[in-house]
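Chain by chain, the residues:
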Amino acid sequence: MLAFNDKGYLDQIGWFNAFEARSPIDQDNNPIPWVTYSYIDFIKGRLKKQHTIFEFGSGNSTYFYAKHIGLVVSVEHDKQWYDKIVSTKPENAKMIFCELVKDGDYCRMPLKLEQKFDIIIVDGRDRVNCCKQAVNALSENGIIVLDDSERECYQEGINFLKNNGYKELSFSGISPSLFYLKSTSVFYRVNNCLDI
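Just so you know, the residues in each chain are numbered from 1, in the order the chain's sequence is written. Thresholds applied to this predicted model are a pLDDT of at least 70 for local features of residues and 80 or more for the giving and counting of side-chain atom pairs; totals over whole chains, interfaces and linings are not thresholded and use all residues. Where side-chain values are given, they derive from all heavy atoms of the structure, hydrogens and water being excluded.

1. Digging into the nonpolar core
Phase 1 of the analysis: We call a set of buried residues a nonpolar core when its members are Ala, Val, Leu, Ile, Met, Phe, Trp, Tyr or Cys and they connect through side-chain atoms within 4.5 Å of each other. Only protein chains enter the calculation, and the probe is 1.4 Å; a residue is then buried if its accessible area is under 20% of its type maximum, exposed if over 50%, and partly exposed in between. One finds Tyr39, Leu47, Tyr65, Ile119, Ile143, Val186 and Leu194 to be the most contacted residues of the largest nonpolar core, which totals 28 residues.
Phase 2 of the analysis: Runs of H or I in DSSP of at least four residues are treated as helices and runs of E of at least two as strands, each being numbered from the N terminus. If you list the elements that add at least two residues to this core, you get helix 3 (37-44), helix 4 (60-68), strand 4 (117-122), strand 5 (138-147) and strand 7 (182-188).
Phase 3 of the analysis: Of the residues forming this core, the biggest block, five residues, is contributed by helix 3.
Phase 4 of the analysis: Not counting chain neighbours up to four residues away, the residues in contact with Ile143 comprise Asp118, Ile119, Ile120, Leu138, Val186, Phe187, Tyr188, Asn192, Cys193 and Leu194.
Phase 5 of the analysis: Counting residues in hydrophobic clusters, the runner-up holds 26 residues, among them Ile96, Cys131, Ile144 and Leu161. Contacts are assigned to residue pairs that have any heavy atoms within 4.5 Å of one another.

2. Regarding the pattern of salt bridges
When the charged atoms of two side chains lie near each other, side chains of opposite charge can form a pair.
Phase 1 of the analysis: Basic side-chain nitrogens of Lys or Arg form a salt bridge, by our definition, when they fall within 4 Å of a carboxyl oxygen of Asp or Glu. Taken as a whole and judged by the stated rule, the model has twelve salt bridges.
Phase 2 of the analysis: A salt bridge links Lys112 to Asp105, with the nearest nitrogen and oxygen atoms 3.3 Å apart.
Phase 3 of the analysis: Residues joined in a network through salt bridges with shared partners are Asp123, Arg127, Asp147, Asp148, Arg151 and Lys182.

3. With respect to unusual backbone geometry
Phase 1 of the analysis: Positive phi outside glycine occurs at Asp103, with the angle close to 60 degrees.
Phase 2 of the analysis: Tracing the chain through its elements places Asp103 in the loop between strand 3 (93-97) and helix 6 (105-112).
Phase 3 of the analysis: Of note, Asp126 is a non-glycine position whose phi angle comes to about 50 degrees, a positive value.
Phase 4 of the analysis: Within the secondary structure, Asp126 is located in the loop between strand 4 and helix 7 (127-134).

4. Topic: the sheet that holds strand 7
Phase 1 of the analysis: At least two DSSP bridges between two strands are needed for those strands to be called paired. With respect to topology, seven strands assemble into an open sheet ordered 3-2-1-4-5-7-6, the strand pairing being mixed. Strands at the two margins of the open sheet, each flanked by one partner only, are strand 3 and strand 6 (167-173). Pairwise comparison of adjacent strand axes, ignoring direction, gives a mean angle of 15 degrees for this sheet.
Phase 2 of the analysis: Taken together, the four bridges between strand 1 (residues 52-56) and strand 4 define a ladder with parallel strand orientation. Considered in strand 4, the bridge of Phe54 is made with Ile120.
Phase 3 of the analysis: Where helix 7 meets the sheet, its contacts fall on strand 1, strand 4 and strand 5, and the angle it forms with strand 5 comes to roughly 170 degrees. A fitted line through C-alpha atoms represents every axis, and for helices the fit uses only the stretch in contact; the resulting angles, taken between N-to-C directions, go from 0 to 180 degrees.

Listed below in structure tokens is the structure:
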């Protein structure tokens, strides 16, 4: 019961703030990704200004990552959501609108930019194909993050990454304003940019 009062864990992590706002924010109302709290705790101390991130999907995660690293590039398929985020995006964030076609330009966007990224966040649509394309857009020590990795429909993408030499570090638990078990997984190889 202590988790539900003003001195409990849910209050400390800002879960009630996120629930009331219907948006992923922390205890100080700062934007955070809509991923597991355990992943957020893990990643925020490992991000560096020299890191570059590509993310499939945009939102509060864009603001969060831009605060901690040098460059965030996000691809978004929802035009209305794109217009909302692009109008307030941080200076070190770049937004790309791309219509969603399965196994089309959307999942190949980081490759089309002809730039290598340290971290690729797969949290948008067409996630299996995004995982498959992401490996060729990573820097030498890059990692991939897959949200909702507990979902059976993403197992093909997980298997692909593991078959290509990536290890999985899974962070399970609750996420902002939601109260069901989910997972966010980091896929990495030796000598990675997060020092795992």
